[in-house]
Amino acid sequence: LVGLWTIAVAVAAGNALATQERTTTPTEPVPSSRPLVFNPGFDEDQNGDGVPDGWTTAGRRGVVQTLRIVDDPQRGKVARLECTQFESGFPDSHAMLAQVGQVGLRRGQWYRLRLWAKAERLQTGEVQVAIANRRTWQETGCRDAFTPSSTWELVEIHFQATADLAPEDSRLQIWLSGTGVLYLDDVELQPVDAFRPERLPQVPWVNPRNALPNSSFELGPAGWGSFAPRLSGWGSQLFFRHAFVDDSRSKHGGKSLKVTLDLDAPFVSYFDYFDPRAEVVDCLVVASEGWIPVRPGNRYLLACWAMAEEADTPVLVSVQQADGRRIERRFTVGKEWTQLVFSFTAERESIWIGVGPDLRGTPRRRATLWLDALQLAEQGSTTPAEISYEPRRALEWAVSVRSGASAFGEFIFRAGEISPSIQVDAYNADSSPHVVRGKIWVTDFRDRIIWERTIEETIPPQQVAALTFPDVFQGRRGFYRVHMAEEGSQHYRTLRLALVDPFPADKDSSFGMNHAFGWSELLRIAHVAGIRWWRDWSTQWRLVQKAEADRFDFAIPKVQIDRVLAADGKVVMLLPFPGTPWAVETNMEKIRAEAGANRYLAERLVIAQKPRNPALFARYVEESVKNFWPAVDTIEILNEPLFTSYAVPASYGHTMADYLELLAAAYKAAKSVSPQVRVVGGIAAPPDHRFVREFLQAGGPRWCDVVNLHLYPHRGDPLTYEPLFREHRELLRSTGFDRPIWVTEFGLYADDDPPIKPFRVGDATMTRALRPNELRASADLVKFAAIMRAYGVEKIFYHAGTCGAWNADTAGNIFFEWGGAPRKMFAAQAVLSRMLTPGMQFVRRWNEPAGVVGFEFADPSGHPGVVVLWAQDAPTSISVPDGWQVYDLMGNPIDLRAVPVDEVPIYFVRK
């Protein structure tokens, strides 16, 4: 594992599995001959200038900042960095506390950076920290962010150095990207023996004979998912369970799990980025939920009873290790129950297991397999030919939500119709009765308990009993969790669900996503929440015309785009790169130096260059539009030009004139197919970026119908972005081309059930937009939508439509846990999409009573007026004017004359 992980003191989140026990790996400092940080407590000031020795500030001239030693009543002498004026949009736009020429690193060594921090009035809400090579400005492995509060808190950062760094070449830097005051004390950097992130949820051993819950499937598929070992796409891992309970045959108890792979009616994983994929799943394992702690170097036995529809059916038995490779073995089974026994040596500290049909490298087109009585046990001195099955516990139970109709997937239901019921299934494998005792309860989006019951039920020997609780959700909307805890033990389970009003299928939406989900089931669930637009990257010049003499061939993007259209989605066809290898001339020596051994980056840097002849680019645009028009009526020209390395990068000498030349050529080419083609153009950066301003000032909006922006907001108050969007809108209008604005990438993330701690999501840019919990993320999604819509933004595309693997991170898709289980943001988005439809126009900003912020919208076509409203600081209340109805974030009516208002938005809707 190479990367950076941050631990902040106040971070806490629940687990997806009941078992809350966790294993952690302590880190011990490695003895060092000298401190790596000079004057870590900021108490040395030999020249008496009030600035701590060994520390300095850094940042551009337009950033006004001061660094001083101050006395703190709790910690004594500390550093105080204050920024009173900020200038954004440049590489050196920061207020920075830095130590230069002191900190050396050794490649591969783990380090722990500790510091104490507090803050006042941070505009961005976050502080970033890194150790940079100031000679080359290459990454060293240390770069992350933390969010200080108004009280002193300890922050720990563990990282593994990715390069050697001589002390004299180093800069330890801690910085703000906005105004505010930061206090720091006791900055300590030490090498440590090792660091292992904590995999979640943990499934502790309660029985050395079997670590696997519900291992004979008497409780249905609870605790089991699916994994496809072959899938290689960045964002298109298997995301749904493809296994079904069968009560017609079993080896133990009364049920087994049935898995079928049919390559003539295959599961296909799609993804549209760089090398677009349409991969057929030809190996599929039933996989255990959570991470089972094991001892590296110890031997374990994995056993499973299996039978097949046909003789000689290939079966894969797989052990997935934390941060390591899979240990696998292939077997064959026939039409009789056969026990597969696999002995292996653990190499990492935690694992999960999988078993299923494997058609890779075989002529077979179909395989059906039944699985039962799985067992993971510690191995003795020998490997037995057969293992006598034993369940993990004599009494096991699971929680589910059942509905006879109106379900969108397994966890999302139509509000206002048949209320889903809660069901507790308990299985007693013993020969004598057992009693299940515990408590079941339901919490809402604010984690408030809205319903609870005590359970005490006798389960007869070797039977399954079901307890049903109907009408718990009658009349309710939004996000809910069902929890169950067993008395006298640590066994606890929770599941997510949402009850929503689906977005009308015949209406346009204001919301979409960058990259379409790889599975059509998830596209349709996203449509329920009003996420109906999909930004597709597959129509790349290098893929549709591989040589200048070749005819255009759109077979590759057609696969990606057609399946989105078939799911009733709307497509924005992004033409992301300006070049193709045969059409560009570039500095290959510079590309090789920048890309190193990274083949993907090297290829991408080549096609990022401006083509020798823009007329060839125009022809590519024209042919692309012509091929997909009119099913696709919107195109976007280039991704993040100039300021990144995707398209005509400024770092390779390209200028605004280069981009405008290509945009103008593309605009004319698209319009030659039809004047109704909508062209999206712009720099696709935050609204205050200098290239965005240059684009507007240079008259760029003339060559597009929509101006684009991208935003991955910091963790501070969304209102800090309001003046940026206002100024951007005013500058756009001043150009004489008052275009609508689309934010074609917007990221804001959270996961209350993180798969790993410390937790990150995606790359550094995405992690910067990580929120502390899903409620905060849901509130901020709504706030940003209101702010952006008030200043000319018509559509917002979230980043990104990715599907993470089983037992892995899925937070990058924002809205879904594995299997389509909703996050709080999904239920909030379902309401937001219905409130802020495309026709809504900004009317005015509400500023009364004091401390309340509101954005009012109305639709000239007759849609009721809507106000998105929240408290900026302290909670307050507001009287409801006559003729208005109030709804909470989840769409539930609030029938009060004086409505409490806090930081979570509510809606006022004119009757």
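Here, every reference points to the structure presented above.
A few points on the structure. Only a predicted model underlies this, so the values are computations on that prediction, with no experimental measurement involved.

## Describing the sheet that holds strand β8 (residues 143-146)
- Here 5 strands make up an open sheet; going across it, the order is β2-β5-β10-β7-β8 and the pairing antiparallel. The open sheet has two edge strands, β2 (56-58) and β8, and neither has a second partner. Strand after strand, the sheet turns through a mean of 25° between neighbouring axes, direction not considered.
- Of the strand pairs in this sheet, β2 and strand β5 (residues 95-100) are connected by 3 bridges, and their pairing is antiparallel.

## Brief notes about the pairing of strand β7 (residues 127-133)
- With 7 of 7 residues buried, β7 is to be regarded as a mostly interior element.
- On β7, burial covers both faces: Val127, Val129, Ile131 and Asn133 on one face and Gln128, Ala130 and Ala132 on the other are all buried.
- Bridge analysis of β7 against β8 gives 4 bridges, and the strand direction is antiparallel. Of the residues in β8, the one forming a bridge with Ala130 is Arg143.

## Comments concerning the state of the cysteines
- Taken as a whole, this structure holds 0 disulfides when the rule is applied.
- Lacking any disulfide linkage, Cys304 is separated from the closest cysteine sulfur, that of Cys283, by 14 Å.

## Description of the pattern of salt bridges
- Summed over the entire model, instances satisfying the criterion amount to 68 salt bridges.
- Between Glu289 and Arg493 there is a salt bridge, with its nearest N and O atoms 3.2 Å apart. In this pair, Glu289 is assigned in the loop between β18 (285-288) and β19 (292-293) and Arg493 in strand β34 (residues 492-500), connecting sequence segments 204 residues apart.
- For Arg493, a relative accessible area of 18% puts it in the buried group.
- The partner of Asp753 in a salt bridge is Arg496, and the shortest N-O contact between them spans 2.6 Å. Taken as a pair, Asp753 in the loop between β41 (741-746) and β42 (756-757) and Arg496 in strand β34 lie far apart in primary sequence, 257 residues in all. The exposure classification of Asp753 matches that of Arg496, with both residues buried.

## Looking at the packing of helix α4 (residues 588-595) against helix α5 (residues 599-607)
- Axis separation between α4 and α5 bottoms out at 9 Å; the angle between their running directions is 145°. Considering the relative orientation of α4 and α5, their crossing is right-handed. Residues Met588, Ile591, Glu594 and Ala595 of α4 pack against Leu601, Ala602, Leu605 and Val606 of α5.
- A per-class count over the contact of α4 with α5 returns 7 nonpolar, no polar and 1 charged.

## Some words on unusual backbone geometry
- Geometrically, the link from Leu200 to Pro201 is a cis peptide bond, its omega value of -10° lying close to zero.
- Mapped onto the fold, Pro201 is located in the loop between β12 (198-199) and β13 (224-227).
- The residue after His799, namely Ala800, is reached through a cis peptide bond having omega 15°.
- As for its placement among the helices and strands, Ala800 is situated in the loop between β43 (793-799) and α12 (824-835).
- Despite not being glycine, Gln462 has its phi angle at roughly 55°, a positive value.
- Looking at the element boundaries, Gln462 is found in the loop between β31 (449-459) and β32 (463-469).
- Unusually for a residue other than glycine, Glu640 sits at a positive phi of about 50°.
- Tracing the chain through its elements places Glu640 in the loop between β38 (634-637) and α7 (656-673).

## So, the sheet that holds strand β15 (residues 256-262)
- In spatial order, the strands read β14-β15-β25-β20-β23; together these 5 strands make up an open sheet with antiparallel pairing. Looking at which strands have only one partner, the edges of the open sheet turn out to be β14 (244-246) and β23 (338-345). Averaged over all pairs of adjacent strands, the angle between their axes in this sheet comes to 40°, without regard to strand direction.

## Regarding the packing of aromatic side chains
- Summed over all chains, the structure comprises 47 aromatic pairs.
- The ring of Trp370 has Arg249 sitting right over it, with the charged end atom 3.7 Å from the ring centre.
- Over the face of the ring belonging to Tyr652 we find Lys590, whose NZ or CZ atom lies 4.2 Å from the ring centre.

## Looking at the packing of helix α11 (residues 774-790) against α12
- Where α11 meets α12, the axes come as close as 8 Å, and the angle between the chain directions of the two elements is 25°. Taken together, the axis directions place α11 and α12 in an arrangement best described as roughly parallel. Between α11 and α12 lies a crossing whose hand is right-handed. For the pair α11 and α12, the contacting residues are Glu774, Leu775, Ala777, Ser778, Leu781, Val782 and Ala785 in the first and Lys824, Met825, Ala828 and Leu832 in the second.

What counts, and where the lines are drawn
Residues numbered from 1 in each chain as written. Predicted model: local features only at pLDDT ≥ 70, side-chain atom pairs only at ≥ 80, totals over all residues. Heavy atoms only, no water. Pairing = 2+ DSSP bridges. Helix = DSSP H or I, 4+ residues; strand = E, 2+ residues; numbered from the N terminus. Axes fitted to C-alpha atoms, helices over the stretch in contact; angles between N-to-C directions. Buried < 20%, exposed > 50% of the residue type's maximum accessible area, 1.4 Å probe, protein only. Disulfide = S-S within 2.5 Å. Salt bridge = Lys/Arg side-chain N within 4 Å of Asp/Glu carboxyl O. Left-handed = near helix turned anticlockwise from the far one by under 90°. Contact = heavy atoms within 4.5 Å. Nonpolar A, V, L, I, M, F, W, Y, C, P; charged D, E, K, R; others polar. Phe/Tyr/Trp six-rings, centres within 6.5 Å; stacked < 30°, edge-to-face > 60°. Lys NZ or Arg CZ within 6 Å of the ring centre and 35° of its normal. Parallel < 35°, antiparallel > 145°, perpendicular 65-115°, else oblique.

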